[in-house]
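# A structural walkthrough
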Amino acid sequence: MIKSFYKLINSDQFKLWKNKHKNAYLCSCFTILDNEKWDKWQFDYYLPKINKITSFIVKNKISIQENQRIFERSKNKLNKINLEEVRFTLEQSLNLINKKYKDKSFTKKIIILQKLNYLTWNISLVTNDFNLINIKIDASNGKIREETSSSLLQLKAS
């Protein structure tokens, strides 16, 4: 993630955009691990003056999706994240999950770094038997703060 982030912030494309949007700040980092491989990171920047998000997708090239609407129900502004505050890395989080669920196999891992009440690795795991496990890990100390499990088949039925 850090390598992709530095690729982004050092790019001319980002520097030009950031110069126009000085009040914008990083509010989330997102990726999907598909069969233990990922090929891109998405970095979302919140623009508080217009209450929208601009996303930068970092792959081989950098693409931008500007001025996207956020959830209308959310009246709260999105929290700023500072990557320097991450003390428990994504790799450590995935190792923790792999130890905890050593008997499970995952087809997808959906990963979001965001700030709720604390800096959070919000990781959703899709199992081979169509279950969804969501784990929120405190990125400052590695403690599991929340864990839920549900069947994807139940979600389809409702």
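Conventions used here
Numbering of residues begins from 1 in every chain and follows the order in which that chain's sequence is written. This being a predicted model, a pLDDT of at least 70 is required before a residue's local features are given, and a value of 80 or more before pairs of side-chain atoms are given or counted; all residues contribute to the totals for chains, interfaces and linings. Heavy atoms throughout the structure, all of them, feed into the side-chain values; hydrogens and water do not. Only DSSP runs of H or I reaching four residues or more are called helices, and only runs of E reaching two or more are called strands; each is numbered from the N terminus. The buried label applies to any residue whose accessible area, calculated with a 1.4 Å probe on protein chains only, is under 20% of its type's maximum; exposed applies above 50%, and partly exposed to all values in between. Contact definition: two residues touch when any of their heavy atoms are within 4.5 Å. N or O atoms closer than or at 3.5 Å make up a polar contact, with two conditions inside protein: a donor-capable atom paired with an acceptor-capable one, and, for residues adjacent in sequence, both atoms drawn from side chains. Paired strands, in this sense, are two strands between which DSSP finds at least two bridges. Each reported salt bridge corresponds to a side-chain nitrogen of Lys or Arg within 4 Å of a carboxyl oxygen of Asp or Glu. Comment: axis = line fitted to C-alpha atoms, over the contacting stretch for helices; angle = value between 0 and 180 degrees taken between N-to-C directions.

### Structural notes on the environment of lysine 49
On the secondary structure map, lysine 49 appears in the loop between strand S2 (41-47) and strand S3 (52-58). Judged by its relative accessible area of 73%, lysine 49 falls in the exposed class. Through-space distance from the C-alpha of lysine 49 to that of asparagine 23 is 8.0 Å; in sequence the pair is 26 residues apart.

### A word on the environment of asparagine 134
With respect to the element layout, asparagine 134 can be found in strand S7 (residues 131-138). Here asparagine 134 falls in the buried class, since its relative accessible area comes to 12%. Sequence separation of asparagine 134 and tryptophan 121 is 13 residues, and the distance between their C-alpha atoms is 10 Å. With residues up to four places along the chain from it excluded, the contact list for asparagine 134 reads Asn122, Ile123, Ser124, Glu146, Glu147 and Thr148. Of the polar contacts made by the side chain of asparagine 134, one reaches the backbone oxygen of isoleucine 123; its length is 3.5 Å.

### A short note on the environment of asparagine 51
Within the secondary structure, asparagine 51 is located in the loop between S2 and S3. Note: C-alpha distance between asparagine 51 and leucine 96 (45 residues apart in sequence) is 35 Å. Dropping the residues within four chain positions of it, asparagine 51 is found in contact with Tyr46 and Ile70.

### Describing the pairing of strand S6 (residues 119-127)
Burial runs high along S6: nine of the nine residues are buried. Covered by surrounding structure in S6 are Leu119, Trp121, Ile123, Leu125 and Thr127 together with Thr120, Asn122, Ser124 and Val126, the residues of both alternating faces. Hairpin connection from strand S5 (residues 106-115) to S6: three residues lie between these consecutive antiparallel strands. Looking at chain direction, S6 and S7 are connected through seven bridges and run antiparallel. Paired with valine 126 across the strands is leucine 132, a residue of S7. Two successive antiparallel strands, S6 and S7, enclose a turn made up of three residues, where phenylalanine 130 displays a positive phi of approximately 60°.

### Here's the deal with unusual backbone geometry
Even without being a glycine, asparagine 51 presents a positive backbone phi close to 55°. When its relative accessible area of 34% is taken as the criterion, asparagine 51 is described as partly exposed.

### Digging into the pairing of strand S4 (residues 62-69)
Relative to S4, S3 is paired through six bridges, and the arrangement is antiparallel. In the strand pairing of S4, lysine 52 is matched with arginine 69.

### Quick notes on the side chain of lysine 136
Tracing the backbone shows lysine 136 in strand S7. For lysine 136, a relative accessible area of 13% translates into the label buried. A polar side-chain atom of lysine 136 sits 3.2 Å from a polar atom in the side chain of asparagine 134. What lysine 136 contacts, discounting residues up to four positions off in sequence, is Leu116, Tyr118, Thr120, Trp121, Asn122, Lys143, Ile144, Arg145 and Glu146.

### What to know about the pattern of salt bridges
The tally for this structure, following the rule as stated, stands at six salt bridges. A salt bridge links glutamate 85 to lysine 115; the nearest nitrogen and oxygen atoms lie 3.7 Å apart. Here the residue glutamate 85 occupies a position in the loop between S4 and helix H3 (90-100), and lysine 115 occupies one in strand S5, the gap between them amounting to 30 residues. Of the charged contacts in the structure, one is a salt bridge between glutamate 147 and lysine 100, with a shortest N-O distance of 3.6 Å.

### Some points on the sheet that holds strand S8 (residues 144-151)
Strand order in this open sheet of eight strands is S4-S3-S2-S1-S5-S6-S7-S8, and the pairing throughout is antiparallel. Each having just a single partner strand, S4 and S8 make up the two edges of the open sheet. Strand-to-strand twist in this sheet, taken as the mean axis angle between neighbours without regard to direction, amounts to 15°. In this sheet, S5 lies alongside strand S1 (residues 25-34) in antiparallel orientation, the contact comprising seven bridges. Across the sheet, phenylalanine 30 pairs through a bridge with isoleucine 112, a residue of S5. On the sheet, helix H1 (residues 2-9) packs against S1, S2, S3 and S4 and is oriented at approximately 55° with respect to S2.

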